[in-house]
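Analysis of the macromolecular model
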Amino acid sequence: MKVSQGSIGRVFVIRLEDGDVLPECIERFAAEQKISVANALMVGGIGSGQAVVGPRVSEARPPDPMVVPVDGAHEAVAFGVLAPDEDGRAVLHIHAAMGRSGNTVTGCLRHGVKTWVVGEVILIEILGTEAKRLHDEATGFVLLQPEGE
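Residues numbered from 1 in each chain as written. Predicted model: local features only at pLDDT ≥ 70, side-chain atom pairs only at ≥ 80, totals over all residues. Heavy atoms only, no water.

**Considerations on the overall build of the protein**
Cut-off, in case you're wondering: The numbering of helices and of strands both runs from the N terminus, where a helix is a DSSP run of H or I of at least 4 residues and a strand a run of E of at least 2. Note on classification: 1.4 Å probe, protein chains only; a residue is buried when its accessible area is under 20% of the maximum for its type, exposed when over 50%, partly exposed between these limits. The contact definition used throughout considers only heavy atoms, calling two residues in contact when any of these lie within 4.5 Å.
If you tally the helices and strands in the protein, you get one helix and nine strands. Along its sequence from the N terminus, the protein presents helices and strands in the succession β-β-α-β-β-β-β-β-β-β. Viewed in the frame of its principal axes, the protein has a C-alpha envelope of about 45 × 40 × 25 Å. For the protein, buried positions account for 35% of its 149 residues. For the protein, the proportion of contacts with a sequence separation of at least 24, taken over those separated by at least 6, is 67%.

Dropping the structure here:
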């Protein structure tokens, strides 16, 4: 386990509108507000896009992601961690559970999804931590690397 301690900074209450694209719109907002590390919570609707639902073969390195389409309005709840990449750009790693007509898809939204009607986001800034997203050779992933304690 790797740990870095921080404290809560600003808290933003955000309403995404129909067609806003996650995670890009939150990353753009974070850059505008000079937010480096944060936690994002979202509830609302997802209308279209793609979700990564796991690797095709669990042991493969680098992983070959399974990507599924998100077609039609889905009720969604999502949780993510925002941290800067090697170039200092805010990157939101966000996963969502999206349901429609009794079926649920859960996955990573890194390929982008569009908000359907509304998305309600609470973005909680974390101060005093030096966490970054760095490429990990062993896994092929860009992983959160807390620095400090």
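**Quick look at the pairing of strand β8 (residues 132-135)**
Defined as follows: In short, DSSP must find at least two bridges between two strands for them to pair.
Sheet analysis places β8 next to strand β9 (residues 142-145), joined by four bridges and oriented antiparallel. Its bridge partner lying in β9, Lys132 is registered against Gln145. Linkage of β8 to β9, two consecutive antiparallel strands, is achieved through a turn of six residues, within which Gly140 is found at a positive phi near 85 degrees.

**Points about the pattern of salt bridges**
Our working rule: Put simply, a salt bridge is a Lys or Arg side-chain nitrogen that is within 4 Å of an Asp or Glu carboxyl oxygen.
Applying the stated criterion across every chain yields a total of six salt bridges. Of the charged contacts, one joins Asp64 and Arg56 as a salt bridge, the two residues approaching to 3.2 Å between their closest N and O atoms. Overlapping salt bridges, with partners in common, bring together Glu27, Asp85 and Arg89 in one network.

**What to know about a nonpolar patch on the surface**
Quick reminder of the rule: Patch building starts from residues that exceed 30% relative accessible area and form no salt bridge, then joins like charges within 9 Å and nonpolar side chains (Val, Leu, Ile, Met, Phe, Trp, Tyr) within 5 Å. Values of accessible area rely on a 1.4 Å probe in the Shrake-Rupley scheme; residue burial ignores everything except the protein chains shown.
On the surface, Ile8, Val11, Val13, Leu41, Phe79 and Ile122 cluster together into a nonpolar patch covering about 580 Å² of accessible area. Ranked by residue count, the leading element in the nonpolar patch is strand β1 (residues 7-17), at three residues. Counting through the fold element by element, Val13 comes out in strand β1.

**A word on the nonpolar core**
In globular proteins that are soluble, nonpolar side chains generally tend to be buried together. Spelled out, the test is: The set of buried Ala, Val, Leu, Ile, Met, Phe, Trp, Tyr and Cys residues whose side-chain atoms join them within 4.5 Å is what this entry labels a nonpolar core.
Membership of the largest hydrophobic core comes to 26 residues, with the highest contact counts inside it found for Leu22, Ile26, Ile46, Met98 and Leu123. When residues of this core are traced back to their parent elements, those giving at least two are β1, α1 (24-33), β3 (38-55), β4 (65-84), β5 (90-100) and β7 (113-127). Not counting the four nearest positions on each side in its chain, Leu123 is found in contact with Arg10, Val11, Phe12, Ile14, Ile26, Phe29, Ile35, Ala38, Asn39 and Ala40.

**Observations regarding the packing of aromatic side chains**
What counts, and what does not: Pairing of aromatic side chains here covers Phe, Tyr and the six-membered ring of Trp, requires ring centres within 6.5 Å, and sorts the geometry by plane angle: under 30 degrees stacked, over 60 edge-to-face, intermediate tilted.
Under the criterion given, the structure shown has one aromatic pair. Residues Phe12 and Phe29 carry aromatic rings whose centres are separated by 5.1 Å and whose planes lie at 85 degrees to one another, so their mutual orientation is edge-to-face. Residue Phe12 is located in strand β1, and its partner Phe29 is located in helix α1; the two are separated by 17 residues in the primary sequence.

**Focus on the layout of surface pockets**
Under the convention used in this document: The way it works is a 1 Å grid over only the protein atoms, where trapped points that fit a 1.4 Å probe form a cavity and open points with protein on both sides within 12 Å along at least five of seven lines form a pocket, and then any residue with an atom within 4 Å of a point lines it. Grid points are joined across faces, edges and corners, and a volume is the space filled by probe spheres set on the points. Gly falls in the polar group here, along with every residue not listed as nonpolar (Ala, Val, Leu, Ile, Met, Phe, Trp, Tyr, Cys, Pro) or charged (Asp, Glu, Lys, Arg).
Approximately 600 Å³ is the volume found for the largest pocket. Residue lining of the largest pocket: 21 residues in total, with His93, Cys108, Arg110, Phe141 and Val142 positioned closest to the centre. If you list the elements that add at least two residues to the lining of the largest pocket, you get β3, β5, β6 (103-108) and β9. Tallied by class, residues from the lining of the largest pocket come to eleven nonpolar, five polar and five charged.

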